[in-house]
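Chain by chain, the residues run as shown.
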Amino acid sequence: MTDFPAPSQHLPRRSDGFSVAAMLFAGLCVLAAFGTTRLMRGALTGLGVYASAWEIVFGLTIAGSGTLFWPALRSLVVTAKARAARARNDIVELRIETAAAKDHAFITFGWGAFALCIFGFISFVLTNDAAVGKTFFLLPLIQAKWWLVTKQFLLNNLFIFVATEILVLVWGLMVALARLIPGKAGRPIRALAIIYCDVFRGIPAIVTLYLIGFGIPTSGLSDLIVPHIVGLFIDLSAMSVAEVRAVTRIPVSWWCVLALTLTYGAYVAEVYRAGIESIHWSQVSAARSLGLSYIQTMRYVIVPQAVRRIMAPLLNDFIGLQKDTALVQVVGVVDAFNQSRIIAANAFNLSAVTIVAILFVLITIPQARFVDKLTERDNARMRAGG
Amino acid sequence: MAFLEIKGVHKEFGAFQVLRGVNLDVIEHQVVCLIGPSGCGKSTLLRCINGLEKIQGGEIRLEDDRVSGPGIDGDKLRQNVGIVFQSFNLFPHMSVIENVTLAPTKVLKMSRVEAEAKAMVLLKRIGLEAKAREYPDRLSGGQQQRVAIVRALAMEPKLMLLDEITSALDPELVSEVLNIVRDLAKQGMTMLLATHEMGFAKEVASKVCFLYEGVVHEEGPPAQIFGDPKEERTRAFLKRIIEAGRL
């Protein structure tokens, strides 16, 4: 081996170990597949839903994990070639084959790990005669209650977060601009914006919800104001007290929208501010030197660029907001989570709560992809060589 | 009375005095070139003239109207005084035509159709009408700078300030930008430009001012400044320029 020409690169380390490990790992995965299918057969029999058609599924599962042997085998073959190249002193060929052997081995490791996770999850669900599965995924209960939970989700969670998001987009920008207002006269406005952000970012959302959702109606503040406003449109004088209450009462979910707007407005204002400050000051110079006013500069030049940059962190905050709509139950709104807890308590089973979890994930994914698409589109349009 | 009069202008950033009493006149339809070492205050002076920076002493008059100090309408001033920067500063989220028509439509309240028609005439003049719908990042540096000039011209300014507009360009792109400035000079545009392109200054300038340590150290016709500078500092500066092969 020492008679290689002085190499400008190190000799690659042998790939034999990787290839053998890949074979062993593939074998382990097939064993895990056997184990998992046995567990499934037992659980399905226990549930009384076993049919011989399941054997096809089991066979496919085992065969599928058996395909992991393919890259592992290729890795072994290529390693053999590498060994030959090493014997021939063909250093270039040796590097190429060793790299290829490692690649094949890592394909086995990667997909094997993926398969093991799935087998692990299935085993977890089916353990103890599917007791775990029945706790979280009791299909009859899910079938019976999914619409009830989903309806509450649409009526309350969805309404609250869509309304809040629209308000937060506007309110957050207003606070950010107030915080960045220039000049000596702007100082008190800046101070107000800073105090607001400090206070409402500091208070836990659940506390703000509680204080506003219970506090404002209880304090009678809304009764002081709302009848006057409604009175402009409807003649309240001829109505009984109960009737007046019926037309002037503000639903609790609206107070939730207010509370969450105040909380998330503070977060989003900071995101906006970071975005605006990230735009180079020369853009302001350029816009102002064309005669645009400060407000026009913000409106047409700075904020549009800032918004493009903050799309991803903005989505982060919005997903946080959507999940926090599950907190509105503290003021008695029957949202999806509250509804599912009622079902869970009656059925002594958590499957209804699983529905809520699935609903929240389902609404998040399309938004993430939508933001990816928007960012991609902007990049393709504005960047060179797109 | 000169078109633009700069009298004893002082400007400081904290304790650092950038301009220490600049006196300078620009007559209408003249091209005045500011030369001088980096940090001598050329860019700052230009930014003071269009009100992007406030001055701490002296005054600036445009067409005999005071345009510095308290109470002036900076936005109105900047409609009349266009500036082009070294780093182009096009708006990256807008296409070329949107860059050019933004100020006419939003500031002058011109209709979009009219503004676009005028912009296309200007873009045609610089040979970039085919790029009207492109975004700035897809243009070369020279093309971006030409668009930046057109963007300033679209406001029909009375005075153009050019702040080292070719310094950020690859050498082979400099001429396409300078040709536009040459055309503008021929059309009688009043211009004040800070530049390191001495050959160009020699060719187009009616007057060259050597700015040194925040004052106009020497001024005169280009033939005199470049051929027979009176001041020691000017001579030293030009010697270094010649040694660098830039004159």
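The structure displayed is predicted, hence computed values, not measured ones.

Caption draft 1: Here's a closer look at the overall build of chain A. Looking only at helices and strands, chain A features 14 helices and zero strands. N-terminal to C-terminal, the α/β element order of chain A is α-α-α-α-α-α-α-α-α-α-α-α-α-α. Here chain A has a C-alpha radius of gyration of 31 Å; the compact-globule value for 386 residues is 21 Å, and the former is much larger. Seen through its C-alpha atoms, chain A measures out along the principal axes to roughly 100 × 70 × 30 Å. Counting only residues that meet the buried cut, chain A has 41% of its 386 residues in that class. Long-range pairs, those at least 24 residues apart, make up 77% of the contacts in chain A between residues at least 6 apart in sequence. Total accessible area computed for chain A in this model is approximately 21200 Å², and 70% of it derives from carbon and sulfur atoms.

Caption draft 2: View of the sheet that holds strand β7 (residues 159-163) of chain B. Residue and element names in this part refer to chain B. Read from one edge to the other, the open sheet built from six strands follows the order β6-β7-β8-β3-β9-β10, with strand pairing classed as mixed. Looking along the sheet, the strands with just one partner apiece sit at the ends: β6 (81-84) and β10 (215-220). Neighbouring strand axes in the sheet, compared pairwise and without regard to direction, differ in orientation by 20° on average. For β6 and β7, the ladder comprises four bridges, and the chain directions are parallel. Among the inter-strand pairings, I83 is bridged to a residue of β7, identified as L161. Here helix α5 (residues 141-153) sits on the sheet in contact with β6 and β7, set at roughly 170° to β6. In the packing of helix α9 (residues 232-243) onto the sheet, contacts are made with β3 (31-35), β9 (207-212) and β10, and the angle to β9 comes to roughly 95°.

Caption draft 3: Molecular detail of the sheet that holds strand β4 (residues 57-62) of chain B. Residue and element names in this part refer to chain B. Taken in spatial order, the four strands make up an open sheet running β2-β1-β4-β5, and their pairing is antiparallel. Each edge of the open sheet is held by one strand with a lone partner, namely β2 (16-26) and β5 (65-66). Summarising the sheet, strand β1 (residues 4-13) and β4 pair through five bridges and their orientation is antiparallel. Note on β4: the bridge partner recorded for K7 is E59.

Caption draft 4: Broad picture of the interface of chain B and chain A. Each partner contributes to the interface: chain B provides 26 residues, whereas chain A provides 24 residues. Linking chain B with chain A are one salt bridge, by the criterion used here. Ionic pairing is found between A:R288 and B:D75, a salt bridge with its closest N-O pair at 3.0 Å. Counting across the interface, chain B meets chain A through nine residue pairs in polar contact (both at pLDDT 80 or more). Contributions of two or more residues to the side of chain B that touches chain A are made by α2 (74-80), β6, α3 (96-106) and α5 of chain B. In terms of residue class, the side of chain B that touches chain A is made up of 14 nonpolar, four polar and eight charged.

Caption draft 5: Layout of the environment of B:D75. In this structure, B:D75 sits in helix α2. Sequence spacing of B:D75 and B:N50 is 25 residues, and the spatial spacing of their C-alpha atoms is 9.1 Å. In this structure B:D75 touches A:R288, A:G291, A:L292 and A:S293, once residues within four positions along its chain are discounted. Among the polar contacts listed, one links the side chain of B:D75 to the side chain of A:R288, at a separation of 3.0 Å. Side-chain polar atoms of B:D75 contact the side chain of B:R78, separated by 3.2 Å.

Caption draft 6: Spatial organisation of the UniProt feature "domain: ABC transporter" (unreviewed entry) in chain B. Here, the residues flagged by UniProt with the feature "domain: ABC transporter" (unreviewed entry) are residues 4-238 of chain B. For residues 4-238 of chain B, helix accounts for 38% and strand for 26%, while the C-alpha atoms at its two ends are 27 Å apart.

Caption draft 7: Fine view of the pairing of strand β8 (residues 190-194) of chain B. Residues and elements named next belong to chain B. Of all five residues making up β8, five are buried, and the element is well covered by its neighbours. Bridging between β3 and β8 involves four bridges; their strand directions are parallel. For V32, the partnering residue across the bridge sits in β8 and is L192. Here five bridges tie β7 to β8, and the two strands are oriented parallel to one another. Looking at β8, one finds that L159 is bridged to T190. In this region the chain leaves β7, passes through helix α6 (residues 171-186) and returns to the parallel neighbour β8; the handedness of that crossover is right-handed.

Reading guide: rules and limits
One numbering rule holds for all chains: residues counted from 1, following each sequence as written. Whichever chain is written first becomes A and whichever ligand is written first becomes 1, with later ones labelled in order. For this predicted model, a pLDDT threshold of at least 70 governs which residues receive local features, and a threshold of 80 or more governs which side-chain atom pairs are given and counted, while totals over whole chains, interfaces and linings are taken from all residues. Heavy atoms throughout the structure, all of them, feed into the side-chain values; hydrogens and water do not. Counting from the N terminus, the helices are DSSP H or I runs at least four residues long and the strands are E runs at least two residues long. Radius of gyration means the value over C-alpha atoms here, while the globule rule gives 2.2 Å times the residue count to the 0.38 power. Only protein chains enter the accessibility calculation, which uses a 1.4 Å probe; a residue whose area is less than 20% of its type maximum is buried, one above 50% is exposed, and one in between is partly exposed. We call two residues in contact whenever any of their non-hydrogen atoms come within 4.5 Å of each other. Values of accessible area rely on a 1.4 Å probe in the Shrake-Rupley scheme; residue burial ignores everything except the protein chains shown. Pairs of strands are assigned from DSSP output, requiring at least two bridges between the strands. Each axis is a line fitted through C-alpha atoms, taken for helices only over the stretch in contact, and angles between the N-to-C directions span 0 to 180 degrees. Salt bridges are counted wherever a side-chain nitrogen of Lys or Arg sits within 4 Å of a carboxyl oxygen of Asp or Glu. Any pair of N or O atoms that falls within 3.5 Å is considered a polar contact. Within protein, one atom must be able to donate a hydrogen and the other to accept it, and sequence-neighbouring residues count only if both atoms are side-chain atoms. Under the convention adopted here, Pro, Cys and the residues Ala, Val, Leu, Ile, Met, Phe, Trp and Tyr are nonpolar, Asp, Glu, Lys and Arg are charged, and Gly plus all remaining residues are polar. UniProt positions are given in the numbering used here, feature names are shortened, and annotations may be inferred rather than shown by experiment. Here, the term right-handed applies to a crossover whose path from the first strand over the helix to the second runs clockwise when the strands point away from the viewer.

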